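In case you want the letters, here they are:
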Amino acid sequence: MDGMSWPSQSELDGMREKVAQMSGGDAKEVRFVVSPYRICPLGAHIDHQGGTVSAMTINKGILLGFVPSDDSQVVLSSGQFQGEVKFRIDEIQLPKFNNGSNNTIPVMNSSKSEEECNWGSYARGALYALQKRGNFLRKGIIGFICGSDGLDSSGLSSSAAVGIAYLMAFENANNLVISPTENIEYDRLIENEYLGLRNGILDQSAILLSSYGCLTCMNCKSVQTKEYQLIHPPNLLDGQKISMKSSYKILLAPSGLKQALTTNPGYNRRVTECQEAARILLQASGKEGLEPLLSNVQPEIYEAYKSKLEPSLAKRAEHYFSENKRVMKGVEAWASGSLKDFGKLISESGLSSIKNYESGVGTLYQSFIELLGRILELIG
């Protein structure tokens, strides 16, 4: 990705040595997958409802060094987790979780390979997704995977970055030519079907479709067509050569709290609440035949019938419709170079996530987004 200073040459050399030691081969034969983390300035928590979202990739993420195996064996080690993951590329993968109620944590299947460590789920999920779409794989990989220090499980979509890294490594080792849009679908299969998380396609789309320094705007309702646009900041247009770094910087302030969405019932519960709100609004407007997604509810229908929603559902719907508006305004502000307006919208988005979607880290998160908004106002 243009302009990215990560990974450094020393990181690549160090990983080459690790993989060479694991495989017993030549360090020069080691291949790499670089899968960046992403931020979502505007559009939080609406992709699973078919909303319009924005995202950017950053110069931190997942690095996977690997060599194709001589056989079907997959052997993986991690820079973050203990143990070694081993399985065969020709094993038939079944979903790791059985989805029961929409409001409960998925229940893990009782059968589990003795050799599998907990962190190996995304590698197996990648194999599941490739098999599900009819790909036949013969070669495994021997690999070492690590994320940027201190940023795993920090809300930057490290899970999607990991899934994409494994997909691309398996594909490369087996000479499969898979398009970015196909890999968006494959990563969705990892998280929705294999792991039981009912998220949308924002994360993997941002990672696979973004261009460094651009704001990616994507319509998540167009799951099949993957409708998106890359919006360059004004100082990159009309042949100008002003460095982006001289006009703005991205501030990341991790809260220090880590959380795996696949083990938290709150995420799937929010999705169910959004769908229930959509069902009530569609039924009230005589459109109950449509899929219960808030993107299928016209704004005027929402305004006309929102009084029918109980308080918690009303909050979820309010976040969806207000966030969609913020994304549209934010795209215009970014394209015109109005960072002050862009910053105000980010602050409003974060506050809505706390008040209406009831997510985030409470007062700590609120203080951060208010600070971020003020910083952007000052530099805008």
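See above for the structure.
Residues numbered from 1 in each chain as written. Predicted model: local features only at pLDDT ≥ 70, side-chain atom pairs only at ≥ 80, totals over all residues. Heavy atoms only, no water.

**A few points about the state of the cysteines**
The cut-off we apply is this: Cysteine sulfur pairs qualify as disulfides if the two atoms are within 2.5 Å.
Following the criterion strictly, the structure yields zero disulfides and no others. Unpaired in terms of disulfides, Cys220 finds its nearest cysteine sulfur in Cys40, a separation of 9.0 Å.

**Section: unusual backbone geometry**
What counts, and what does not: Put simply, DSSP marks the helices as runs of H or I at least four residues long and the strands as runs of E at least two long, and each gets a number from the N terminus on. Here the term buried applies to any residue with accessible area under 20% of the maximum for its type, exposed to any over 50%, and partly exposed to those in between, with areas from a 1.4 Å probe on protein chains only.
Phi angles above zero are rare outside glycine, and Asn175 is one such case at about 55°. Mapped onto the secondary structure, Asn175 falls in the loop between helix H3 (158-173) and helix H4 (180-194). On the basis of relative accessible area, Asn175 is assigned to the exposed category, the value being 70%. Even without being glycine, Glu358 reaches a positive phi, approximately 55°. Relative to the helices and strands, Glu358 resides in the loop between helix H9 (339-355) and helix H10 (362-379). By relative accessible area, which is 35% here, Glu358 ends up partly exposed.

**Things to note about the packing of aromatic side chains**
Put simply, the rule is: The rule is short: rings of Phe, Tyr and Trp, with Trp giving its six-membered ring, pair when the centres are within 6.5 Å, and they are stacked under 30 degrees, edge-to-face over 60, tilted in between. By definition, being over a ring means that NZ of Lys or CZ of Arg is both within 6 Å of the ring centre and within 35 degrees of the ring normal.
With the rule as written, the count across this model stands at five aromatic pairs. A ring pair is formed by Phe81 and Trp119, whose centres lie 6.4 Å apart and whose planes are at 15°; its orientation type is stacked. Of this pair, Phe81 sits in the loop between strand S3 (73-78) and strand S4 (84-88) while Trp119 sits in the loop between strand S6 (107-108) and helix H2 (121-132), placing them 38 residues apart in sequence. When its relative accessible area of 43% is taken as the criterion, Phe81 is described as partly exposed. Between Tyr128 and Tyr194, the ring centres sit 5.6 Å apart and the planes meet at 40°, which makes this aromatic pair tilted. Taken together, the positions of Tyr128 in helix H2 and Tyr194 in helix H4 put the pair 66 residues apart, joining distant regions of the chain. Like Tyr128, the residue Tyr194 is buried in the burial classification. Among the aromatic residues, ring-to-ring pairing joins Tyr302, Tyr320 and Phe321 into one connected group. A cation over a ring is seen here: Lys18 above Phe144, with NZ or CZ 5.5 Å from the ring centre.

**Comments concerning the pairing of strand S7 (residues 141-147)**
The criterion, for reference: Paired strands are those between which DSSP finds at least two bridges.
Most of S7 is tucked away, with six of its seven residues classed as buried. Alignment of strand S2 (residues 52-68) against S7, held across seven bridges, turns out to be antiparallel. Counted as the bridge partner of Pro68 is Ile141 from S7. In terms of strand pairing, S3 meets S7 through four bridges, oriented parallel. Looking at the pairing, Leu76 lines up with Gly143 of S7.

**Remarks on the packing of H3 against helix H5 (residues 202-209)**
Each pair of packed helices can be summarised by the angle the axes make with each other and by the distance between the axes. Stated precisely, the cut-off is as follows: To get an axis, a line is fitted to the C-alpha atoms, and for a helix only the part in contact is used. The angle between two axes follows their N-to-C directions and goes from 0 to 180 degrees. Throughout, the term roughly parallel applies to angles under 35 degrees, roughly antiparallel to angles over 145, roughly perpendicular to angles from 65 to 115, and oblique to all others. Crossing chirality is assigned from the near helix's rotation relative to the far helix, an anticlockwise turn below a right angle marking it left-handed and a clockwise turn marking it right-handed. Only heavy atoms enter the contact rule, under which two residues are in contact if any of them lie within 4.5 Å.
H5 packs onto H3 with a crossing angle of 55° between their chain directions and a minimal axis gap of 9 Å. It follows from the interaxial angle that H3 and H5 lie oblique. The hand of the H3/H5 crossing is right-handed. Mapping the contact onto sequence places Ala160, Ala161, Ile164 and Met168 in H3 and Asp203, Gln204, Ile207 and Leu208 in H5.

**A closer look at H2**
Basically, it comes down to this: Given a helix with a known number of residues, its expected span is that number minus one, times 1.5 Å.
For H2, with twelve residues, the first-to-last C-alpha span of 16 Å sits near the 16 Å given by 1.5 Å per residue. Those residues of H2 that fall on the buried side of the exposure criterion are Ser121, Tyr122, Ala123, Arg124, Gly125, Ala126, Leu127, Tyr128, Ala129 and Leu130. Those residues of H2 hidden inside the fold are in contact with S3, S4, H3 and H4. Positive phi appears at Gly134, one or two residues downstream of H2, with a value of about 85°.

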